[in-house]
Amino acid sequence: MELFPVKRFFYSALLLFSMACLFAACSKSSIKPNRFIDSTKAKNDSTIAADTLPSFFSPSGIAVDASGNLYVADYGNNLIRKITTSGIVSTLAGSGVQGSNNGAGALASFNGPSGIAVDASGNLYVADSGNSLIRKISPTGTVSTLAGSDSTGSVNGSGINASFFDPVGVAVDASANVYVADAGNNLIRLITPAGTVSTLAGTANSSTSNGTLTASSFDNPTGLAVDASGNVFVANYLNSTILEVNPAGTVSTFAGTGQPGANNGPAASATFYFPNSVAVDAAGNVYVADGVNNLIREITPGGTVSTLAGSGMQGAADSTGTTASFNGPAGLAVDASGNVYVADAYNNLIRKITPAGVVTTIAGTGEAGSKNGKAFAHRNTFKQVRGISKSRLNIWYRPRFR
């Protein structure tokens with residue numbers, strides 16, 4: 001039976017009202033990600049609430065100091081975050097708005113910070129990729145520019161007279177010399193503590209070849225680490241190899257064939273798929289964030305490659321060895337006890353792997369955001385929230401155009 005016009009209007013209005021209420025209720029029960037891609041709307045949440053679960057947005061770099069505090073290059077939020085040994089997450093530096101301002105804490109700004117390293121005195125060094133700068137942060141959170149200018153390039157020189165092009169990875173040695181994976185220039189750069197920049201290795205050609213420092217070439221180097229003997233290990237991203245630059249001035253292939261894959265075994269026949277970050281422990285073991293494979297690999301000093309953790313499938317499972325999972329592992333760091341820390345970029349999580357391969361999540365909800373707080377507050381809530389949604393920023397698995 002056909003309804004009269006008034007009744008049709010009444011039922012239509014009632015239906016629309018019910019749908020609106022339902023939508024509003026669902027929206028309030030969901031956690032909304034902070035969208036910091038629009039930098040004009042970004043804000044720095046510097047409040048630390050004991051019962052607030054902290055969140056990250058595509059963390060891409062991580063470092064650990066001698067006391068066990070972690071520092072995170074929170075790429076999507078344009079922030080540098082700190083995680084204490086007691087699990088408190090705070091913002092050390094950055095306003096959350098894209099920029100290149102120097103200053104203390106929230107007065108400073110970054111543009112896509114990707115790599116981070118810490119020296120013996122507690123100073124941090126940041127590869128500020130979007131600004132093509134290398135920034136320095138004092139232990140109290142004061143940000144300055146160590147090297148780099150307002151324009152991109154490959155000029156060597158002192159401080160702001162030098163230039164970089166999309167620097168991605170940084171490492172620091174015991175003498176506070178800073179090494180830079182200058183991805184856009186296909187170079188490995190060296191910065192002295194006084195801020196003088198030189199080219200350590202590479203010819204700026206987008207290929208891979210071994211040999212002397214000035215004759216070698218890299219293909220989009222994105223991560224590096226330096227051991228106690230001064231050997232520099234490089235994640236040669238687009239060539240899917242790990243290279244070694246030794247103090248004698250020679251570049252060689254440490255592991256990988258140059259073909260994408262996930263084969264373990266002898267270094268010369270092992271394969272990787274777009275490795276983006278490396279870390280080295282006191283015993284000389286090298287750890288690799290094997291990006292597209294979603295694996296954390298280990299290379300012994302003798303040259304044997306194995307999988308420390310990860311199933312190879314996208315996921316956020318805490319477990320042991322190959323039953324754990326990652327989604328876009330990016331930055332790596334290793335502490336004095338041999339624990340490996342992972343900036344799990346696509347999961348918006350910070351993960352820990354013990355020497356036995358046990359993987360746990362130490363901070364992050366899985367939802368994109370910039371909240372500070374206690375990493376383990378409301379542990380039951382944390383387990384439920386983690387699976388709601390995950391950021392899908394395509395940060396690491398793309399060629400960086402030159």
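Our structure's up above, just so we're on the same page.
Let's shift gears to the side chain of Asn231. Relative to the elements of secondary structure, Asn231 occurs in the loop between strand S17 (221-226) and strand S18 (232-236). On the accessibility criterion, Asn231 (13% relative accessible area) is buried. Among residues more than four places away in sequence, those in contact with Asn231 are Ala225, Val226, Glu244, Val245, Asn246 and Pro247.

What follows covers the packing of aromatic side chains. Applying the stated criterion to the full structure yields three aromatic pairs. Taking the centre distance of 5.2 Å and the plane angle of 70° together, the rings of Tyr273 and Phe274 count as edge-to-face. Members of the aromatic cluster, joined through ring pairs, are Tyr237, Tyr273 and Phe274.

Turning our attention to the pairing of strand S9 (residues 133-137). The element S9 is largely enclosed, with a buried count of four among its five residues. Inspection of the sheet shows strand S8 (residues 124-128) paired to S9 by five bridges, in the antiparallel sense. Along S9, the bridge assignment pairs Tyr125 with Lys136. The antiparallel pairing of S8 with S9 creates a hairpin that spans four residues between the two strands, and Ser132 there sits at a positive phi of about 55°. Where S9 lies against strand S10 (residues 142-147), four bridges are found, and the strand directions are antiparallel. The residue of S10 that forms the bridge with Ile134 is Ala147. Counting the residues between successive antiparallel strands, the hairpin from S9 to S10 contains four residues, one of them, Gly141, with a positive phi of roughly 95°.

Another aspect to go through is the sheet that holds strand S7 (residues 113-118). One open sheet holds the five strands; their spatial order is S6-S10-S9-S8-S7, and the pairing between them is antiparallel. Both edges of this open sheet fall to strand S6 (103-104) and S7, since each of them pairs with a single strand only.

The side chains of a regular strand alternate between the sheet's two faces. For strand S27 (residues 340-344), the tally of buried residues reaches five of five residues, placing the bulk of the element in the interior. Covered by surrounding structure in S27 are Val340, Val342 and Asp344 together with Tyr341 and Ala343, the residues of both alternating faces. Sheet topology note: the strand S26 (residues 329-334)/S27 ladder contains four bridges and is antiparallel. Bridging from a neighbouring strand, Leu332 pairs with Val342 of S27.

Basis of the calculations
Residues numbered from 1 in each chain as written. Predicted model: local features only at pLDDT ≥ 70, side-chain atom pairs only at ≥ 80, totals over all residues. Heavy atoms only, no water. Helix = DSSP H or I, 4+ residues; strand = E, 2+ residues; numbered from the N terminus. Buried < 20%, exposed > 50% of the residue type's maximum accessible area, 1.4 Å probe, protein only. Contact = heavy atoms within 4.5 Å. Phe/Tyr/Trp six-rings, centres within 6.5 Å; stacked < 30°, edge-to-face > 60°. Pairing = 2+ DSSP bridges.

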